[in-house]
Amino acid sequence: NAGVMQNPRHLVRRRGQEARLRCSPMKGHSHVYWYRQLPEEGLKFMVYLQKENIIDESGMPKERFSAEFPKEGPSILRIQQVVRGDSAAYFCASSPGSFSYEQYFGPGTRLTVT
Amino acid sequence: KQEVTQIPAALSVPEGENLVLNCSFTDSAIYNLQWFRQDPGKGLTSLLLIQSSQREQTSGRLNASLDKSSGRSTLYIAASQPGDSATYLCAPPDSGTYKYIFGTGTRLKVLA
């Protein structure tokens, strides 16, 4: 059973460009969480999705950030018009359920904005 | 809102020592608590998950305990090895939710 997959592993974008981060959950998992780790800080929750639904986006910045988890295909975290402060590691986790289930993390995407 | 503190922030020990890493959290209304390790520049590897009804969990040389009432969890590493060098993170969820709250972890270095 392959683990959580994220791509790309490293992404460089110039200020103002768009960044698209992909996450394929573990087989059989329909719950996806995105977390962000800013340099020298702990991971912080961004958004929780189930197939075709955003359940909780309380940790997402109000502007420029969006997430989706379509019926087919990976979950996508999209950042429009990136700024230097968006440079961080973005981690995706998946689980077979929500409350009390173990979350399995992917290797992360390291975004650098130049 | 849940807050997590891990002590010590950094630890350097010779190989073979038994270690105790401490985690404290402010809100005890949690479903579970998960311990992870993070290697530099890498993702998180799940070590142990403790459900709220459990007192401890064991996996190999690792043992984690949970005392919800006092807001504490402890990770015990027996007979440490250089390969155990990493940052260890404990993650209780935010009160009554699935959203993990992370501290800045304990950075462990085991010397050969």
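See the structure printed just above.
Keep in mind it's a predicted model, so treat the numbers as computed, not measured.

**As for the overall build of chain A**
Link 1 in the chain: Secondary structure summary: chain A contains 0 helices and 11 strands in total.
Link 2 in the chain: Secondary structure elements of chain A, listed N to C terminal, follow the sequence β-β-β-β-β-β-β-β-β-β-β.
Link 3 in the chain: Projected onto its principal axes, the C-alpha coordinates of chain A cover approximately 35 × 25 × 25 Å.
Link 4 in the chain: Residues classed as buried in chain A amount to 46% of the 114 residues present.
Link 5 in the chain: In chain A, once contacts between residues fewer than 6 apart in sequence are set aside, the share between residues at least 24 apart is 53%.
Link 6 in the chain: In the form shown here, chain A has an accessible surface area of approximately 5800 Å², with 46% of it arising from carbon and sulfur atoms.
Link 7 in the chain: Of note, chain A has its 16 positive side-chain charges centred 7 Å away from the centre of its 11 negative side-chain charges.

**Let's talk about the layout of surface pockets**
Link 1 in the chain: Approximately 620 Å³ is the volume found for the largest pocket.
Link 2 in the chain: As for the largest pocket, its lining consists of 28 residues, and the residues nearest its centre are A:Gln37, A:Glu40, A:Glu41, B:Gln38 and B:Thr87.
Link 3 in the chain: Of all the secondary-structure elements, those providing two or more residues to the lining of the largest pocket are strand S9 (88-95) and strand S11 (109-113) of chain A together with strand S9 (86-91) and strand S10 (106-111) of chain B.
Link 4 in the chain: For the lining of the largest pocket, the leading source of residues is S10(B), giving 4 residues.
Link 5 in the chain: Classifying every residue of the lining of the largest pocket gives 10 nonpolar, 11 polar and 7 charged.
Link 6 in the chain: Quantified by volume, the second largest pocket comes out at close to 460 Å³.
Link 7 in the chain: Every residue lining the second largest pocket is counted, 25 residues in all, and those nearest its centre are A:Leu43, A:Lys44, B:Lys1, B:Ile101 and B:Phe102.
Link 8 in the chain: The set of elements that each furnish at least two residues to the lining of the second largest pocket consists of strand S5 (43-50) of chain A together with strand S1 (4-7) of chain B.

**Considering the sheet that holds strand S7 (residues 65-68) of chain A**
All names here are of chain A.
Link 1 in the chain: With antiparallel pairing, 4 strands are arranged side by side in an open sheet as S1-S3-S8-S7. Both edges of this open sheet fall to strand S1 (5-7) and S7, since each of them pairs with a single strand only. Averaged over all neighbouring strand pairs, the angle between strand axes comes to 15°, with direction disregarded.
Link 2 in the chain: In this structure, strand S3 (residues 19-24) lies alongside strand S8 (residues 75-79), joined through 5 bridges in antiparallel fashion. What sits directly across from Ala 19, in S8, is Ile 79.

**Quick look at the sheet that holds strand S6 (residues 56-59) of chain B**
Residues and elements named next belong to chain B.
Link 1 in the chain: On the basis of which strands lie adjacent, the open sheet formed by 5 strands has the order S1-S3-S8-S7-S6 and antiparallel pairing. Bordering the open sheet on either side are S1 and S6, each of which pairs with just one other strand. The average angle at which neighbouring strand axes cross in this sheet is 15°, direction not considered.
Link 2 in the chain: Bridge count between S1 and strand S3 (residues 19-25): 4 bridges; the pairing is antiparallel. Directly across from Gln 6, in S3, lies its bridge partner Cys 23.

**A few points about the interface of chain A and chain B**
Link 1 in the chain: Facing the 21 residues of chain A at the interface are 21 residues of chain B.
Link 2 in the chain: Taking both sides of the interface into account, the surface hidden between chain A and chain B amounts to around 1700 Å²; carbon and sulfur atoms contribute 57%.
Link 3 in the chain: Between chain A and chain B we count 1 salt bridge in total.
Link 4 in the chain: Taking the shortest distance from any N to any O, the salt bridge between B:Lys99 and A:Asp56 comes out at 3.2 Å.

**Description of the environment of A:Glu57**
Link 1 in the chain: The topology assignment puts A:Glu57 in the loop between strand S6 (53-56) and S7.
Link 2 in the chain: Every residue in contact with A:Glu57, bar those within four places of it in the chain, is listed here: A:Met46 and A:Val47.

Calculation rules
- Residues numbered from 1 in each chain as written.
- Chains lettered and ligands numbered in written order.
- Predicted model: local features only at pLDDT ≥ 70, side-chain atom pairs only at ≥ 80, totals over all residues.
- Heavy atoms only, no water.
- Helix = DSSP H or I, 4+ residues; strand = E, 2+ residues; numbered from the N terminus.
- Buried < 20%, exposed > 50% of the residue type's maximum accessible area, 1.4 Å probe, protein only.
- Contact = heavy atoms within 4.5 Å.
- Areas by Shrake-Rupley, 256 points an atom, 1.4 Å probe, with all protein chains shown as cover.
- Lys, Arg positive; Asp, Glu negative; His and termini not counted.
- Charge placed at Lys NZ, Arg CZ, Asp CG, Glu CD.
- 1 Å grid on protein atoms, 1.4 Å probe; cavity = no way out; pocket = protein on both sides within 12 Å on 5 of 7 lines; lining within 4 Å.
- Points joined across faces, edges and corners; volume = space filled by probe spheres on them.
- Nonpolar A, V, L, I, M, F, W, Y, C, P; charged D, E, K, R; others polar.
- Pairing = 2+ DSSP bridges.
- Axes fitted to C-alpha atoms, helices over the stretch in contact; angles between N-to-C directions.
- Buried area = accessible area lost by both parts, 1.4 Å probe.
- Salt bridge = Lys/Arg side-chain N within 4 Å of Asp/Glu carboxyl O.

Note that all results are geometric; they support no functional claim without further evidence.
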